[in-house]
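Structure assessment
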Amino acid sequence: MNNTWLSDYVIIPLILILAILAIFPLLVGYIVYVERKVLAFIQSRLGPMRVGPYGLLQPIADALKLLTKEDIAPRNADVFVFKIAPIILLVIGFTGLAFLPMGEGFELFGYDVSLSIVDVNVGVLFLLAIMSLSTYSLVLGGWASNSKYPLLGALRSAAQMVSYEVALTFTILATLLLAGTLSMSGIIDAQREAGLWYIFVQPVGFVLFIIAMVAETNRLPFDLPEADTELVAGYFTEYSGFRWSFFMLGEYAAMVVMSGLLVTLYLGGWMRPFPNVELLSFLDFIPGFTWFVLKVGFFIYFFIWLRGTYPRYRYDQLMGLGWKVFIPVSIANLFITALAIIVMDSVFG
Amino acid sequence: MLRTHEMELNMGPQHPSTHGVLRLILYLDGETIVDCKPVIGYLHRGTEKLCETRNYYKNVPFTDRTDYLAAPNGNLGYCETVEKLGGYEVSERAQFVRTAICELSRMASHLMWLGTHAMDIGAQTMLMWTIREREVILDFFEAALGDRLTTTAFRPGGLRRDLPDGWIQAVLGFCATFPDRIDEYELLLSKNRIWIDRTVGVGLISAEDAIDMGLSGPLLRGSGVAYDVRKAMPYAAYDKVDFEIAVSNDCDSYGRYVIRLKEMRESTKIVEQCLRELPDGPITGKVPKVLKIEAGKEVYHQIEAPRGELGYYIVADGSDKPYKCKIRAPSFVNLAAITQMVKGLLIADVVTVIGSIDIVLGDVDR
């Protein structure tokens, strides 16, 4: 064990950050590929088949195409804001990834490596704060385009994300009460000690979180800010080339981060199923990272599945659902959880 | 200085869900529609004028290109008008085949409508599923008529040629499975909470208004008026087949959705009846090689196209060309209702309403 201050806080995180920056854009490319394939299979099509075997090189071709496109800003746009808006979203998406505990730590060349890049003791809070900044990107991008469809998309995104964030936060609070910590890895440890995933204790919260998560990441059936059949492409109508791809990267990063948060809060993070059942301990040889990827992958699939099945909500119905159903139910869930904890504590000491 | 004012939003002619080149000028208060002005004419090709420059036979292809999603129905409207004008006989076999092909075309047209309407509301899977079935119908057209979209299916006096071998069995096979496919669509949409929320009560039009505006087709029947040209003034072989008119009292987009699904089921029945009871005989009528219709004759004849009442008004002047050929296009008349239907709704509903009116811009602009 030769960890030093330098290795713990500078070198290892830097290597991990570089790894994420290098791998993640490619990964997003392949998430898009999977999305196109799965949607195609739902719709009795084949999906991308031309570039490479089974279209496997399609994401790379797409990325090259986007990078070589002209970087256009509309004549009357606020060029500075127009150009930084997609960067904000991208940075937020990637920052969010840093908080996810992706697996148990391991030892490499005598150094302890933790698979969550930053494990701050207020991780959940920090993550929520970071993720809610993404509204700024959409609003700024939509506003700076100086065009009507992006403006409408931006207004929708502001209203939608703010109202669903309230429900999301109340839902998470209930879980935090159970765990008694705000640290992401602390929540996983709490689930290990409790001997069960929080999905079994918080089923209502789990469902609320999933739906709020879809609304928060602007995916169908809640993809109103981009609503392609109404607002052309919503807030990024005027974007093209790699700035457009930044919005895409940011959106998919948000999907991964939210799925990761969901997995951490309700499904035991990187732990194997039923971590306290000795019978299943033969599964221990599988690294935690694999479980994490499997669980997050399932929810990415879930996002795609929804997209292939549901029509889109209307703006007023979405807001009605958010304020009249989700917020009251999530507050009730929080109170019941708090009450249950008090009762359990006083009865069983 | 802070102030509020209406936003003018130009929707189309290039917009993903204005179904071609419809342009709507929307006046918005936030997302609420205060007023809506449709602007048309982007696809105007002067079909009516062109019809005056070609002889009666050569005009048939123009009628493919008005309502290009249901070309056989346009062909039938024109051919029957010319037949009425010149007093030409059509054999019973040709009548039955025409009826079957027109009903197949209604199914194809409604399938396209269902797919695009659902996609406008966000359910994109629907489009792929409906196109899958529409493809089969288009293949039938290709086999029997030689083309998929611009079919030029009929000619005054009957059809160009008889049905190919095995066609009837293939179509009957399709008709046997098609109702199951409709059940599949219903599984995805009819009970879907979001679909119901998005379509119920959207695009309301009362029966009185619908009649006053001259609306027809599913739009009129969706407001509770049981008027269908196929029953009211039977043409082709519609008086010899058994079917029901789909009517709904909902007056909204959901009602029209239910009606069109029911119509597809009824069309399947009509096709089956026509092909099962297909009489023998010639398929081309005894019609002169050059049609010359005496001057002073004029006829208005209407049929029930998938979008509503399609009428042709032809005036003859003794030559081999029409003196005037006026087309009463259902999409054009139905589109007039859009302003009244969308007032007070949201932007997302405009898309729903355009979809539920089911316009084809080729039909609107001609």
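Residues numbered from 1 in each chain as written. Chains lettered and ligands numbered in written order. Predicted model: local features only at pLDDT ≥ 70, side-chain atom pairs only at ≥ 80, totals over all residues. Heavy atoms only, no water.

**Considerations on the overall build of chain B**
In plain terms, the rule: Strands are runs of DSSP state E lasting at least 2 residues, helices are runs of H or I lasting at least 4, and numbering of each runs from the N terminus. Our radius of gyration looks at C-alpha atoms and nothing else; its globule reference is 2.2 Å times the residue count to the power 0.38. To sort residues, take the accessible area from a 1.4 Å probe on protein chains only and compare it with the maximum for the residue type: under 20% means buried, over 50% means exposed, and anything in between is partly exposed. The contact criterion used is simple: two residues touch if any of their non-hydrogen atoms lie within 4.5 Å. We get accessible surface area from the Shrake-Rupley algorithm with a probe of 1.4 Å; when it comes to residues, only the shown protein chains can shield them.
Scanning chain B for helices and strands turns up 15 helices and 8 strands. Taking 366 residues into account, the globule formula puts the C-alpha radius of gyration at 21 Å, and chain B, at 21 Å, falls close to it. The principal-axis extents of the C-alpha atoms in chain B amount to approximately 75 × 45 × 35 Å. Looking at chain B residue by residue over its 366 residues, the buried ones come to 61%. Here the analysis covers contacts within chain B between residues at least 6 apart in sequence; of these, 71% occur between residues at least 24 apart. Within the structure as shown, chain B displays about 13600 Å² of accessible surface, and the carbon and sulfur contribution to it stands at 53%.

**Thoughts on unusual backbone geometry**
One non-glycine residue, Asn218 of chain A, lies in positive phi territory at about 55 degrees. Secondary-structure assignment places Asn218 of chain A in the loop between α8 (203–216) and α9 (228–231). Its identity is not glycine, yet Arg366 of chain B carries a phi of approximately 55 degrees, on the positive side. Structurally, Arg366 of chain B can be placed in the segment after α15 (361–365).

**Considerations on the sheet that holds strand β8 (residues 322–328) of chain B**
Residue and element names in this part refer to chain B. Heads up, the condition is: By the convention used here, strands pair only if DSSP detects at least 2 bridges between them. Axis definition: a line fitted to C-alpha atoms, over the contacting stretch in the case of helices. Angles run 0 to 180 degrees between N-to-C directions.
What the 3 strands build is an open sheet, ordered β6-β7-β8; its pairing is antiparallel. Either end of the sheet is taken by a strand with one partner, and the two such strands are β6 (298–305) and β8. Across this sheet, the average inter-strand angle for adjacent strands is 15 degrees, counted without regard to direction. Here 8 bridges tie β6 to strand β7 (residues 308–316), and the two strands are oriented antiparallel to one another. In the sheet register, Tyr300 faces β7, and the bridge partner there is Tyr313. On top of the sheet, helix α3 (residues 71–86) reaches β6 and β7; it is set at about 150 degrees to β6, its chief contact.

**Here we look at the environment of Gly47 of chain A**
Residues and elements named next belong to chain A. Position of Gly47 among the secondary structure elements: in the loop between α1 (5–42) and α2 (58–67). For Gly47, a relative accessible area of 27% gives the class partly exposed. Note: C-alpha distance between Gly47 and Phe326 (279 residues apart in sequence) is 36 Å.

**What about the interface of chain B and chain A?**
Inclusion rule: By buried area we mean the combined loss of accessible area, with a 1.4 Å probe, across both parts when two parts are placed together. Salt-bridge detection follows one rule: a side-chain nitrogen of Lys or Arg within 4 Å of a carboxyl oxygen of Asp or Glu. Each residue gets one of three labels, nonpolar for Ala, Val, Leu, Ile, Met, Phe, Trp, Tyr, Cys and Pro, charged for Asp, Glu, Lys and Arg, and polar for the others, Gly among them.
Listed as interface residues are 36 residues of chain B and, on the opposing side, 28 residues of chain A. Carbon and sulfur atoms make up 58% of the area that chain B and chain A hide from each other, which totals about 2600 Å². For chain B, the biggest contributors to the area lost against chain A are Glu31, Gln124 and Ile194 of chain B; these three give 22% of the whole. Counting the contacts that link chain B with chain A gives 2 salt bridges. Residue assignment for the side of chain B that touches chain A shows that the elements contributing at least two residues are β1 (7–11), α4 (92–121), α5 (125–145), α6 (167–189), α7 (193–199) and α14 (347–357) of chain B. Residue composition of the side of chain B that touches chain A, grouped by class: 19 nonpolar, 9 polar and 8 charged.

**Notes on the sheet that holds strand β3 (residues 32–39) of chain B**
Residues and elements named next belong to chain B. Here 3 strands make up an open sheet; going across it, the order is β1-β2-β3 and the pairing antiparallel. Each edge of the sheet is formed by a strand with only one pairing partner; in this case those strands are β1 and β3. Strand-to-strand, the axes of this sheet are offset by a mean angle of 20 degrees, without reference to chain direction. Here 5 bridges tie β1 to strand β2 (residues 23–29), and the two strands are oriented antiparallel to one another. The residue bridging Met7 from the neighbouring strand is Leu28, located in β2.

**Let's talk about a positive patch on the surface**
Here is the rule we go by: What makes a patch is a set of residues exposed beyond 30% relative accessible area and free of salt bridges, joined within 9 Å when like-charged and within 5 Å when nonpolar (Val, Leu, Ile, Met, Phe, Trp, Tyr). The positive count covers Lys and Arg only, the negative count covers Asp and Glu only, and His and the chain ends enter neither. The atoms used to mark charge sites are NZ of Lys, CZ of Arg, CG of Asp and CD of Glu.
Among the surface-exposed residues, Arg155, Arg160, Arg161 and Lys289 of chain B lie close enough to one another that they form a single positively charged patch. Its place among the elements puts Arg155 of chain B in strand β4 (residues 154–155).

**Notes on empty space enclosed by the protein**
To keep it simple, the criterion reads: A pocket here means an open set of points on a 1 Å grid, computed over the protein atoms alone, that has protein on both sides within 12 Å along at least five of seven lines. A cavity is instead a set of points where a 1.4 Å probe fits but cannot get out; residues with an atom within 4 Å of a point line either one. Grid points are joined across faces, edges and corners, and a volume is the space filled by probe spheres set on the points.
A complete count under the given rule lists 2 cavities of 30 Å³ or more for this structure. Roughly 120 Å³ of internal volume is contained in the largest cavity. What lines the largest cavity is a set of 13 residues, among which Ser134, Met161, Glu216, Thr217 and Ala254 of chain A lie closest to the centre. Where the lining of the largest cavity is concerned, the elements lending two or more residues are α5 (134–144) and α10 (241–266) of chain A. Broken down by element, the lining of the largest cavity gets its largest block of residues, 4 residues, from α10 of chain A. For the lining of the largest cavity, the residue count by class is 7 nonpolar, 4 polar and 2 charged. Quantified by volume, the second largest cavity comes out at close to 50 Å³. Tyr68, Leu69, Ala70, Ala71, Pro72, Ser105, Ala108, Arg134, Leu138, Phe141, Arg148 and Leu149 of chain B together form the lining of the second largest cavity. Put simply, the parts of the chain that give the lining of the second largest cavity at least two residues each are α3, α4 and α5 of chain B.

**Let's talk about the pairing of β8 of chain B**
With 6 bridges connecting them, β7 of chain B and β8 of chain B associate as antiparallel partners. Across the sheet, the residue bridging to Gly311 of chain B is Arg328 of chain B, located in β8 of chain B.

**A short note on α5 of chain A**
All names here are of chain A. Taken residue by residue, α5 has Ser134, Thr135, Ser137, Leu138, Gly141, Gly142 and Ala144 as its buried positions. Among the structural elements, α3 (79–98), α4 (123–132), α6 (148–179) and α10 are those in contact with the buried residues of α5. Remark: Asn146 follows α5 within two positions and exhibits a positive phi of approximately 55 degrees.

**Things to note about the nonpolar core**
Which entries qualify depends on this criterion: By convention a nonpolar core is built from buried Ala, Val, Leu, Ile, Met, Phe, Trp, Tyr and Cys residues, the set being connected through side-chain atoms within 4.5 Å.
In terms of nonpolar packing, the biggest core is built from 89 residues, with Ile172, Phe209 and Tyr266 of chain A touching the most fellow members. No other element matches α10 of chain A, which puts 16 residues into this core. Those residues in contact with Tyr266 of chain A that sit more than four places away from it in its chain are Thr171, Thr175, Gln191, Trp197, Tyr198, Ile199, Gln202, Gly205, Phe206 and Phe209 of chain A. Grouped together as the second largest cluster of nonpolar side chains are 80 residues, Ile137, Phe140, Leu145 and Trp195 of chain B included.

**Things to note about the confidence of the model for chain B**
Using the following cut-off: Each residue carries a pLDDT value, the predictor's own confidence for that position, ranging from 0 to 100.
Put simply, chain B has an average pLDDT of 87, and 100% of its residues get 70 or more. Our summary of model confidence lists the complex with pTM equal to 0.85 and ipTM equal to 0.78.

**Notes on the pattern of salt bridges**
A full pass over the atoms with the stated rule returns 39 salt bridges over all chains. Residue Arg307 of chain A is joined to Glu35 of chain A by a salt bridge in which the shortest nitrogen-to-oxygen separation is 2.4 Å. Remark: Glu35 of chain A occurs in helix α1 and Arg307 of chain A occurs in helix α11 (residues 288–309); sequence separation between them is 272 residues. For Arg307 of chain A, a relative accessible area of 24% translates into the label partly exposed. Notably, a salt bridge pairs Asp358 of chain B with Arg260 of chain B, separated by 4.0 Å at the nearest N-O pair.

**So, the packing of aromatic side chains**
Rules: Between 30 and 60 degrees the pair is tilted, below 30 it is stacked and above 60 it is edge-to-face, where a pair is any two Phe, Tyr or Trp rings, Trp via its six-membered ring, whose centres lie within 6.5 Å. In this scheme, Lys NZ or Arg CZ marks a charge over a ring once it lies within 6 Å of the ring centre and within 35 degrees of the ring normal.
Under the counting rule described, the total for this entry stands at 26 aromatic pairs over all chains. With centroids separated by 5.7 Å and ring planes inclined at 70 degrees, the aromatic side chains of Phe206 of chain A and Tyr266 of chain A adopt a geometry described as edge-to-face. With a gap of 60 residues between them, Phe206 of chain A in helix α8 and Tyr266 of chain A in helix α10 connect regions that are remote in the sequence. Summarising the aromatic geometry, the rings of Phe140 of chain B and Trp167 of chain B are spaced 6.1 Å apart at their centres and angled 70 degrees between planes, so their arrangement reads as edge-to-face. Of this pair, Phe140 of chain B sits in helix α5 while Trp167 of chain B sits in helix α6, placing them 27 residues apart in sequence. Taken as a pair, Phe140 of chain B and Trp167 of chain B share a single burial class, namely buried. Taken together, the ring pairs connect Phe206, Phe209, Tyr266, Phe298, Phe299, Tyr301, Phe302 and Trp305 of chain A into an aromatic cluster. Here the guanidinium or amino end of Arg260 of chain B rests over the ring plane of Trp113 of chain B, the centre of that ring lying 4.6 Å away. When the ring centre of Phe332 of chain B is taken as origin, the NZ or CZ atom of Arg366 of chain B, which lies over that ring, is 5.4 Å away.

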